[in-house]
Amino acid sequence: MRLLFLNRSFWPDPEATGQLLTELCTDLARDHDVTVVAGPSYHVRTAGRGLWHEDAVGAVRIVRTWGTRLPKRHLAARLINLGTYYALAAGAALRQRPPDVVVAETDPPLLGLLGAALKARWGCRFVYYCQDVYPDVAEATGGVRSAPLLAVLRWANRRAYDAADRIVVLGRDMRQRLFAKGIPPDKLSVLPNWVDCQLIRPLPRNPFRDRFGARFVVMYSGNLGLSQPLDVVLDTAVRLRSEDRFLFVFIGEGASKSALEGRAAALGLRNIRFFGYQAKERLAESLGAADLHVIPLRAGLEGCLVPSKVYGVLAAGRPFVAMMNPEAEVAALAREFEVGFVVPPDDADALASVVRRAAADPRLLDTMGVRARRLAEERFDRRIATREFAALLDGGAGIDGEQAGDAAYREARRSVSGREWKRC
């Protein structure tokens, strides 16, 4: 089967969506002809000249477009970056052989409209792979306030939903949000993101952890962007600044990083450390260095996205705090599988209380960590997830609708909770 994927971020980009898509396409390329139309990375320089150039990773063929790399702090710059990719991706896609299936992701948000147009041109199947729900994300974060632009996003995504043969979402809360928009449930497949459990695993010795000594490490690892209330994590560090045992570690890059660093410096906080993105090969070390991870999501974003960082945290065998509204997918995982805590997204006092409680009960954290690793292996391992995606592309139902989607989680819960807990 010939597959054509559309997404700006792809190998060697360190962004989560690019890494996940690279793993998916690499696995699919064992049995299928896979081409990806990708854009330039904001973080890694890639060789090549002209409007398009070809590249490859393993058996995956990459058509990489030229594009601007303006700073993403301002909406106008982001629109120019995404607009250049969108226009060139359309031209590059039309130059390809007609595929059997077009799979469009949501970076940039209008890619679904391009997928719909390619389906109309070629008569192929179209899968809309929603890592985010637009314009809901833009409205909830305040990243887009222009009424005309929001209207365009709303219209374009409606066209994409209507044209898609299958719409893939990442969680039950996303499925419910699209169902509320009038999308027929038999179009919706819940296929969560994943983690490579062979790459990320609990480590008996961890050099990255050694640099922090005996302090209790509270970590945020991922994109430092608009969808995470990271200012609340910093407020929590302020509340715990007099207790030397606590250290807050931020790992990653993004639009909020400079502001966070500036505020931490202005407050004279000595219980905060910042690091850049870690190499994929070192994620087991960096994720495993935390005693407790924080996974924040701004109020109103539940059902718009599912933070993929949770799966790496689970694979590393670490517990987490879901800083989000309780109906969000990650909060549901914390409760259902007893692998973490849940606090409101804007409550620094509640987060500080959980951090103190966790530090006082290492046995509880160990038990949560073992459950977390088991859950990653049973439900969210890369081999399971990409096999399910392949079945969907082959014409199978995947995990469809409300009943089947919930059944997958019930089966995982029975499998995980039915095991005798042993230290990893």
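Basis of the calculations
Residues numbered from 1 in each chain as written. Predicted model: local features only at pLDDT ≥ 70, side-chain atom pairs only at ≥ 80, totals over all residues. Heavy atoms only, no water. Helix = DSSP H or I, 4+ residues; strand = E, 2+ residues; numbered from the N terminus. Rg over C-alpha atoms; globule rule 2.2 N^0.38 Å. Contact = heavy atoms within 4.5 Å. Areas by Shrake-Rupley, 256 points an atom, 1.4 Å probe, with all protein chains shown as cover. Lys, Arg positive; Asp, Glu negative; His and termini not counted. Charge placed at Lys NZ, Arg CZ, Asp CG, Glu CD. Pairing = 2+ DSSP bridges. Axes fitted to C-alpha atoms, helices over the stretch in contact; angles between N-to-C directions. Parallel < 35°, antiparallel > 145°, perpendicular 65-115°, else oblique. Left-handed = near helix turned anticlockwise from the far one by under 90°. Buried < 20%, exposed > 50% of the residue type's maximum accessible area, 1.4 Å probe, protein only. Right-handed = clockwise from strand over helix to strand, strands pointing away. 1 Å grid on protein atoms, 1.4 Å probe; cavity = no way out; pocket = protein on both sides within 12 Å on 5 of 7 lines; lining within 4 Å. Points joined across faces, edges and corners; volume = space filled by probe spheres on them. Phe/Tyr/Trp six-rings, centres within 6.5 Å; stacked < 30°, edge-to-face > 60°. Disulfide = S-S within 2.5 Å. Salt bridge = Lys/Arg side-chain N within 4 Å of Asp/Glu carboxyl O.

> Requested: an account of the overall build of the protein chain, with residues and values cited.
Across its full length, the protein chain carries 16 helices and 14 strands. Its C-alpha atoms give the protein chain a radius of gyration of 21 Å, within 12% of the compact-globule value 22 Å for 424 residues. Along the three orthogonal principal directions, the C-alpha set of the protein chain runs to about 60 × 50 × 40 Å. Here the analysis covers contacts within the protein chain between residues at least 6 apart in sequence; of these, 75% occur between residues at least 24 apart. Looking at the protein chain as shown, the accessible area adds up to about 17,400 Å², and 51% of this sits on carbon and sulfur atoms. Looking at charge distribution, the protein chain has the averaged site of its 60 positive side-chain charges lying 3 Å from that of its 49 negative ones.

> Hey, could you go over the sheet that holds strand β8 (residues 188–190) for me, with residue numbers and the actual values?
Read across the open sheet, the eight strands follow the order β3-β4-β2-β1-β5-β6-β7-β8; overall the sheet is mixed. Looking at which strands have only one partner, the edges of the open sheet turn out to be β3 (52–57) and β8. Taken over all neighbouring pairs, the strand axes of this sheet differ in orientation by 20° on average, direction set aside. The sheet contact formed by strand β5 (residues 101–104) and strand β6 (residues 125–129) spans four bridges and is parallel.

> Let's hear about the packing of helix α1 (residues 16–28) against helix α15 (residues 382–393): which residues, and what values?
Axis separation between α1 and α15 bottoms out at 10 Å; the angle between their running directions is 65°. Between α1 and α15, the interaxial angle falls into the category roughly perpendicular. In the crossing of α1 with α15, the sense of the turn from one axis to the other is right-handed. Together, E23, L24, T26, D27 and L28 of α1 and R382, T386, F389, A390 and L393 of α15 make up the contact between the two elements.

> So what about the pairing of β5? Which residues, and what values?
Of the two faces of β5, both are covered, the one formed by V101 and V103 as well as the one formed by V102 and A104. Relative to β5, strand β1 (residues 2–6) runs parallel, the two being bridged by four bridges. Among the inter-strand pairings, L6 is bridged to a residue of β5, identified as A104. In this fold, the crossover linking β5 to β6 by way of helix α3 (residues 111–122) has right-handed handedness.

> Let's hear about the pairing of β6: which residues, and what values?
Counting buried positions over the five residues of β6 gives four, a clear majority of the element. The pairing of β6 with strand β7 (residues 166–169) spans three bridges and is parallel. Looking across to β7, one finds that V127 is bridged to R166.

> Describe the layout of surface pockets, with residues and values.
Space inside the second largest pocket adds up to approximately 500 Å³. Every residue lining the second largest pocket is counted, 21 residues in all, and those nearest its centre are L203, G288, G317, R318 and D366. Of all the secondary-structure elements, those providing two or more residues to the lining of the second largest pocket are α10 (283–288) and α14 (362–379). In terms of residue count, α14 provides more of the lining of the second largest pocket than any other element does, five residues in total.

> Could you give an account of the sheet that holds strand β11 (residues 272–275), naming the residues involved and the relevant values?
Spatially, the six strands line up as an open sheet ordered β11-β10-β9-β12-β13-β14, and their pairing is parallel. Two strands lie at the open edges of the sheet, namely β11 and β14 (340–343), each paired on one side alone. Strand-to-strand twist in this sheet, taken as the mean axis angle between neighbours without regard to direction, amounts to 25°. Where strand β9 (residues 216–221) meets strand β10 (residues 246–251), six bridges bridge the pair, whose relative direction is parallel. Considered in β10, the bridge of F216 is made with F246. Seen against the sheet, helix α13 (residues 348–360) touches β9, β10, β12 (292–296), β13 (320–323) and β14 and runs at an angle of roughly 160° to β14.

> Describe the packing of aromatic side chains, with residues and values.
Going through the model one piece at a time under the given rule, you end up with nine aromatic pairs. Seen from their ring centres, F212 and F275 are 6.1 Å apart, and the 75° between their planes marks the pair as edge-to-face. With a gap of 63 residues between them, F212 in the loop between α7 (207–210) and β9 and F275 in strand β11 connect regions that are remote in the sequence. The class of F212 is buried, set by a relative accessible area of 4%. Overall, F275 belongs to the buried group, its relative accessible area being 13%. Here the aromatic rings of F216 and F246 are separated by 5.9 Å at their centres, their planes lie at 85°, and the arrangement is edge-to-face. One end of the pair, F216, is in strand β9; the other, F246, is in strand β10, and 30 residues separate them in sequence.

> Can you tell me about the state of the cysteines, naming the residues and giving the values?
According to the stated counting rule, one finds zero disulfides in the structure shown. Looking at C25, it has no disulfide partner, and the nearest cysteine sulfur is the one in C124, 15 Å off. The class for C25 is buried, based on a relative accessible area of 0%. No disulfide involves C130; its sulfur sits 11 Å from the nearest other cysteine sulfur, which is in C304.

> Describe the pattern of salt bridges, listing the residues and the values that go with them.
Evaluated as defined, the whole model comprises 28 salt bridges. With a shortest N-O distance of 2.8 Å, D136 and R177 are connected by a salt bridge. One end of the pair, D136, is in helix α4 (residues 136–141); the other, R177, is in helix α6 (residues 172–180), and 41 residues separate them in sequence. Judged by relative accessible area, which is 10%, D136 ranks as buried. For R177, a relative accessible area of 24% corresponds to the partly exposed category. For D162, the salt bridge identified is with R158, shortest N-O distance 3.1 Å. Of this pair, D162 and R158 both sit in helix α5 (residues 147–163), four residues apart, roughly one helical turn. Its relative accessible area of 48% is what places D162 among the partly exposed residues. Judged by its relative accessible area of 29%, R158 falls in the partly exposed class. Connected through salt bridges with shared partners, the residues R8, D13, E15 and D107 form a single ionic network.

Remember, this is a structural readout, not a statement about activity or role.
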